[in-house]
Amino acid sequence: MSEAFTLILHPDASFKVVEFSGDSPADLGTIFREINSPSIAVMDLSSKLSVWLDDDHITGGALNRPAIAIHAATVLVSHDYYGTAVYTGTDAENRTTGLTLENCTALLELAGIDVPTVPHPRTD
């Protein structure tokens, strides 16, 4: 299993965590398919976190309140998000990378989404 992921967050608070290394056209294709807009923008929320979204609200997606909550917790300037938001990491050279599962869980918690804890298997 991969150690790098992307968080795909929908306006209805449903989400997917998908394997994502960030270094291949296939990985970037995942972002474009999920957002499904001809006008995709990437916004840095910190030096290690980026969000991809439908920049011009072309697809007419619903207001994404969970993504707005993440934005409010990470950036001081308010911003409305519509449709699907996709979160990725950023490295020191400003290249797109994946996130850890812990990063994805922390983002979901910022959005107010409960994430079930998966117990570790017993090894008796």
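Residues numbered from 1 in each chain as written. Predicted model: local features only at pLDDT ≥ 70, side-chain atom pairs only at ≥ 80, totals over all residues. Heavy atoms only, no water.

Student: If you had to explain the overall build of the protein chain to someone new, which residues and values would you point to?
Tutor: On a plain count of helices and strands, the protein chain comes out with 3 helices and 6 strands. Here the C-alpha radius of gyration of the protein chain, 14 Å, is about what a compact globule of 124 residues would show, namely 14 Å. Seen through its principal axes, the protein chain has C-alpha atoms that stretch 55 × 30 × 25 Å. Counting over 124 residues, the protein chain shows a buried share of 35%. Sequence-distant contacts, at least 24 apart, represent 53% of the contacts inside the protein chain between residues at least 6 apart. Surface accessibility of the protein chain: about 7400 Å² in total, with carbon and sulfur atoms responsible for 54%. In the protein chain, 6 positive and 17 negative side-chain charges are present, and the distance between their average locations comes to 3 Å. (Helix = DSSP H or I, 4+ residues; strand = E, 2+ residues; numbered from the N terminus. Rg over C-alpha atoms; globule rule 2.2 N^0.38 Å. Buried < 20%, exposed > 50% of the residue type's maximum accessible area, 1.4 Å probe, protein only. Contact = heavy atoms within 4.5 Å. Areas by Shrake-Rupley, 256 points an atom, 1.4 Å probe, with all protein chains shown as cover. Lys, Arg positive; Asp, Glu negative; His and termini not counted. Charge placed at Lys NZ, Arg CZ, Asp CG, Glu CD.)

Student: Can you explain the pairing of strand S4 (residues 49-54)? Please cite residues and give values.
Tutor: Buried residues dominate S4, accounting for 6 of its 6 residues. Going residue by residue along S4, you find Leu 49, Val 51 and Leu 53 tucked away on one face and Ser 50, Trp 52 and Asp 54 tucked away on the opposite face as well. With 4 bridges joining them, S4 and strand S5 (residues 85-90) adopt antiparallel strand pairing. Across the sheet, Val 51 pairs through a bridge with Tyr 87, a residue of S5. (Pairing = 2+ DSSP bridges.)

Student: Describe helix H3 (residues 101-110), listing the residues and the values that go with them.
Tutor: Listed as buried for H3 are Cys 104, Leu 107 and Leu 108. Here the buried residues of H3 occupy an arc of 100 degrees about the axis, which is enough to place them on one side. Along H3, the residues that are exposed and aim more than 90 degrees away from the buried face are Glu 102 and Glu 109. Just downstream of H3 lies Gly 112, where phi reads positive at about 80 degrees. (Arc of directions from axis to C-beta.)

Student: Which residues make up the nonpolar core, and what values do they have?
Tutor: Counting 18 residues, the largest nonpolar core has Leu 9, Leu 45, Val 51, Ile 70, Tyr 81, Tyr 87 and Leu 107 as its most contacted members. Those elements that provide at least two residues to this core are strand S1 (5-9), S4, helix H2 (65-74), S5 and H3. Formed by 6 residues, the second largest nonpolar core is a distinct cluster that contains Ile 8, Phe 20, Trp 52 and Val 86. (Core = buried A, V, L, I, M, F, W, Y, C linked by side-chain atoms within 4.5 Å.)

Distances and angles like these do not, on their own, reveal function.
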